[in-house]
Amino acid sequence: MAKARGIENIEKDLTGNLQRDFNLFIRAALSDLSNQGSQRYSPVDTGFFASSWTAGTQRPRPDEARESVAPWSNIKPTRRGQRSPQAVIEPRFIDTINYNFKPFSKVFIGNRSQYAARALGSTNSKVPVYVQNVIGLKIKEIFNEKKPKIGVATFGTGVRGEQTNVKFKASGIGKFSDPTSVFVDYTDL
């Protein structure tokens, strides 16, 4: 059984929950922009742009050339709005970020590729759609106070009707020893 916590810890608990959800949101946004989910938001030619999303307390500078980072330095871009057959999407920064951002602090999500402005403005870019439509839904999904609950209920032996093949005798301890009573337990996860 879970141990009850006193009201004196409420500020610490709420701040901890907010910080956890905030960092979860940042990671989820980076994952979405890096085309790691089922939807593809970043345009892909070589895969370098989709692999270059990062977050930090300072604005990410678009200062990295595709030609200087392997394996993208060996991939020839098509520059026709089509995905190169050799395209590689490997998020470079998602796993190297220390997700310890504090609530109410400024966190910038940006792209490190030199051609980020052109890629964002391309006709294949769905990043504006993500910012305008999806981020709000992601915030509602992650910053949700109602956590799922699991309910476990039993009625008697858990077997209904006349079933002679069940060789099970209900037993329990204390108030749970009556096989005709119903016990329901809800546990927060």
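Conventions used here
- Along each chain, numbering runs from 1 in the same order as the chain's sequence is written.
- This being a predicted model, a pLDDT of at least 70 is required before a residue's local features are given, and a value of 80 or more before pairs of side-chain atoms are given or counted; all residues contribute to the totals for chains, interfaces and linings.
- Side-chain numbers come from the whole structure's heavy atoms, not from hydrogens or water.
- Where helices and strands are cited, they refer to DSSP runs of H or I of at least four residues and of E of at least two residues respectively, numbered from the N terminus.
- Burial classification: accessible surface area is computed with a 1.4 Å probe over protein chains only, and a residue below 20% of its type maximum counts as buried, one above 50% as exposed, and the rest as partly exposed.
- Any N or O atom pair separated by 3.5 Å or less is treated as a polar contact, with the protein-specific requirement of one donor-capable and one acceptor-capable atom, and with residues adjacent in sequence counted only for side-chain atom pairs.
- Salt bridges are counted wherever a side-chain nitrogen of Lys or Arg sits within 4 Å of a carboxyl oxygen of Asp or Glu.
- For two strands to be treated as a pair, DSSP must find no fewer than two bridges joining them.
- Think of a nonpolar core as a cluster: buried Ala, Val, Leu, Ile, Met, Phe, Trp, Tyr and Cys residues, connected wherever their side-chain atoms sit within 4.5 Å.
- Every residue pair with non-hydrogen atoms within 4.5 Å of one another is taken to be in contact.
- For this analysis, a ring pair means two rings from Phe, Tyr or Trp (six-membered ring only for Trp) whose centres lie within 6.5 Å, classed as stacked if their planes differ by under 30 degrees, edge-to-face if by over 60, and tilted for the remaining angles.
- Using a 1 Å grid laid over the protein atoms alone, points where a 1.4 Å probe fits but cannot get out form a cavity; open sets with protein on both sides within 12 Å along at least 5 of 7 lines form a pocket; any residue with an atom within 4 Å of a point counts as lining.
- Grid points are joined across faces, edges and corners, and a volume is the space filled by probe spheres set on the points.
- Polar here means any residue outside two lists: the nonpolar Ala, Val, Leu, Ile, Met, Phe, Trp, Tyr, Cys and Pro, and the charged Asp, Glu, Lys and Arg; Gly therefore counts as polar.

### Notes on the environment of Ser105
You can see Ser105 is positioned in the loop between β1 (53-56) and β2 (108-111). Ser105 gets classed as partly exposed once you look at its relative accessible area, which sits at 29%. Sequence spacing of Ser105 and Thr57 is 48 residues, and the spatial spacing of their C-alpha atoms is 7.8 Å. Within the structure, Ser105 has its side chain in polar contact with the backbone oxygen of Lys102 (distance 2.5 Å).

### A closer look at the pattern of salt bridges
Scanning the model with the defined rule gives 7 salt bridges in all. Notably, a salt bridge pairs Arg20 with Asp21, separated by 3.3 Å at the nearest N-O pair. Judged by relative accessible area, Asp21 falls into the buried class, the value being 9%. Among the charged side chains, a network of salt bridges with common partners joins Asp63, Glu64, Arg92 and Arg112.

### Notes on the pairing of β1
The two faces of β1 match: Trp53 and Ala55 on one face and Thr54 and Gly56 on the other face are all buried. Here β1 pairs with β2 via 4 bridges, running antiparallel. When the sheet's bridge partners are listed, Gly56 is paired in β2 with Phe108.

### Comments concerning the nonpolar core
Of all hydrophobic cores here, the largest spans 21 residues; its most connected members are Ile26, Leu30, Trp53, Ile97 and Tyr130. Secondary-structure elements contributing two or more residues to this core are α1 (10-33), β1, α2 (116-121) and α3 (127-142). A per-element tally of this core places α1 first, with 7 residues. Not counting residues up to four positions away in its chain, the partners in contact with Ile26 are Ala55, Tyr99, Phe101 and Val107.

### Observations concerning the packing of aromatic side chains
Enumeration according to the criterion identifies 5 aromatic pairs in this entry. Geometrically, the ring pair formed by Phe25 and Phe143 is tilted, given 6.3 Å between the ring centres and 55 degrees between the ring planes. In this pair, Phe25 is assigned in helix α1 and Phe143 in the loop between α3 and β3 (149-155), connecting sequence segments 118 residues apart. Ring geometry for Phe48 versus Tyr115: centroids 6.4 Å apart, planes at 45 degrees, classification tilted. Residue Phe48 is located in the loop between α1 and β1, and its partner Tyr115 is located in the loop between β2 and α2; the two are separated by 67 residues in the primary sequence. Judged by relative accessible area, which is 0%, Phe48 ranks as buried. Following the ring pairs from residue to residue traces out a cluster consisting of Phe48, Trp72 and Tyr115.

### Some thoughts on the layout of surface pockets
Roughly 520 Å³ of volume is contained in the largest pocket. Lining the largest pocket are 22 residues, and of these Asp45, Arg79, Tyr115, Arg118 and Ala119 lie nearest its centre. Looking at side-chain class alone, the lining of the largest pocket contains 8 nonpolar, 7 polar and 7 charged residues.

What is shown is where atoms sit, not what they do.
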